[in-house]
Amino acid sequence: MTPKPIIPVKATPVQLDADSSSEDAFVAIIGACLRHAEANRPAVLDGQMEGVHQMRVAFRRLRSGLKIFRPLIPREASAPLVENIRWLNGFLGPARDWDVFLEEGMAPMLAHFPRKRGLALFRTKAETLRQTHHRTLREALADPRYQNLTRDLAAWLNDRPWREDLDDKRRERLAQPAVDFATALLGRDQRRVEKQGEAFAELSAVERHRLRIRIKELRYALDFFASLYPAPTVKAYLSALARLQDSLGIMNDIAVARRLLDEAKLRAVSAARQVIDGWYGCRLDVQERAFPELWQGFTACERPWKD
């Protein structure tokens, strides 16, 4: 019998009923994120770049889901779980950052400058660093701490121990319809994104990073609750958010690239570093010019949660 191929797995849409409670939505959302992460463990262990990407996305979505529901389930209830997820992200993040740098940064750069010997030599060194991070990630997944993380999180969702320390008011809010909770949440997050994004031209690199995080959180939130709203409107809105997030992500790549170049000890005066810095500087300029049109497209979108 031919063995089943190991392939990366994307997130499965969360299906919520119109009468789902906020607590039921929380369990469904965090459970879906956990299954998404676990489904990609074989691909990560197989050394597949997309598997690393999908597992990192899964745990980012999971942490975002915990944050979304903090008004109902306080931070203290999930603190030990979050600490273990943060530990794992310490391995997922560097592996994914080097993947992006080599495949989306260095690959087109080398295609454009095929005779730059310094770039080719640096790519070899960068590939060694990437493989080191992938190896330590695989070791982390074999560590009992990872197995405890997934087991404890599944048990936590099943037993719902957060109920024990909640007052009556919070218990009532957990029982409220998920659509009421989601609509208020999405409206608040939309206003926060608009407030920051309107002043994009004046934002520092740090503030642009914060805007990217806000947009990502709004995108995750709507993706979690998408089944509660009209599908065509949700799709258009998520597409506009994705374009903004991708643009800001490319802008953030230059900061990540500088950090990776420092890790690789590539000196600022080296010819290879100057080429890389110039390449990313041009990408940054292109995205800064394109952002106003993307922003206009986003603000013109109909909000799915509006009647």
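Above this text you will find the structure in question.
What this report covers is the structure whose coordinates are included nearby. Model, not experiment: these values are computed from the prediction.

For helix α6 (residues 144-159), which comprises 16 residues, the first-to-last C-alpha distance of 22 Å matches the rise-based estimate of 22 Å (1.5 Å per residue) to within 8%. Buried within α6 are the following residues: Tyr 146, Leu 149, Thr 150, Leu 153, Trp 156 and Leu 157. Along the long axis of α6, the arc covered by the buried residues comes to 130°, so they all point the same way. Opposite its buried face, α6 presents the exposed residues Arg 151, Asn 158 and Asp 159, each directed more than 90 degrees away. Backbone nitrogen of Arg 145 and a side-chain oxygen of the N-cap are separated by 2.7 Å at the start of α6; the cap is Asp 143. Backbone geometry just after α6 places Arg 160 at a positive phi near 50°.

Another point: the nonpolar core. Core analysis: the biggest nonpolar cluster contains 71 residues, and Phe 26, Phe 59 and Phe 225 have the highest contact counts within it. When residues in this core are grouped by element, the largest group, nine residues, is from helix α1 (residues 22-39). Within the second largest apolar cluster, 20 residues are counted, among which are Trp 98, Ala 257, Ala 264 and Tyr 280.

A few words now on the packing of aromatic side chains. Using the criterion set out here, one finds 17 aromatic pairs in the structure. Ring geometry for Phe 113 versus Trp 279: centroids 6.2 Å apart, planes at 75°, classification edge-to-face. Residue Phe 113 is located in the loop between α4 (75-112) and α5 (117-142), and its partner Trp 279 is located in helix α11 (residues 271-299); the two are separated by 166 residues in the primary sequence. Here the aromatic rings of Trp 295 and Phe 298 are separated by 5.4 Å at their centres, their planes lie at 50°, and the arrangement is tilted. Residue Trp 295 and its partner Phe 298 are located together in helix α11, separated by three residues, close to a single helical turn. Three or more aromatic residues joined by ring pairs make a cluster, and in this case those are Phe 26, Phe 69, Trp 156, Trp 162, Phe 181 and Phe 225. A cation sits over an aromatic face here: Arg 208 above Phe 200, 4.3 Å from the ring centre.

Each value, and the rule that gives it
- Residues numbered from 1 in each chain as written.
- Predicted model: local features only at pLDDT ≥ 70, side-chain atom pairs only at ≥ 80, totals over all residues.
- Heavy atoms only, no water.
- Helix = DSSP H or I, 4+ residues; strand = E, 2+ residues; numbered from the N terminus.
- Expected span 1.5 Å × (residues − 1).
- Buried < 20%, exposed > 50% of the residue type's maximum accessible area, 1.4 Å probe, protein only.
- Arc of directions from axis to C-beta.
- Polar contact = N/O pair within 3.5 Å; in protein donor to acceptor, adjacent residues only side chain to side chain.
- Core = buried A, V, L, I, M, F, W, Y, C linked by side-chain atoms within 4.5 Å.
- Phe/Tyr/Trp six-rings, centres within 6.5 Å; stacked < 30°, edge-to-face > 60°.
- Lys NZ or Arg CZ within 6 Å of the ring centre and 35° of its normal.

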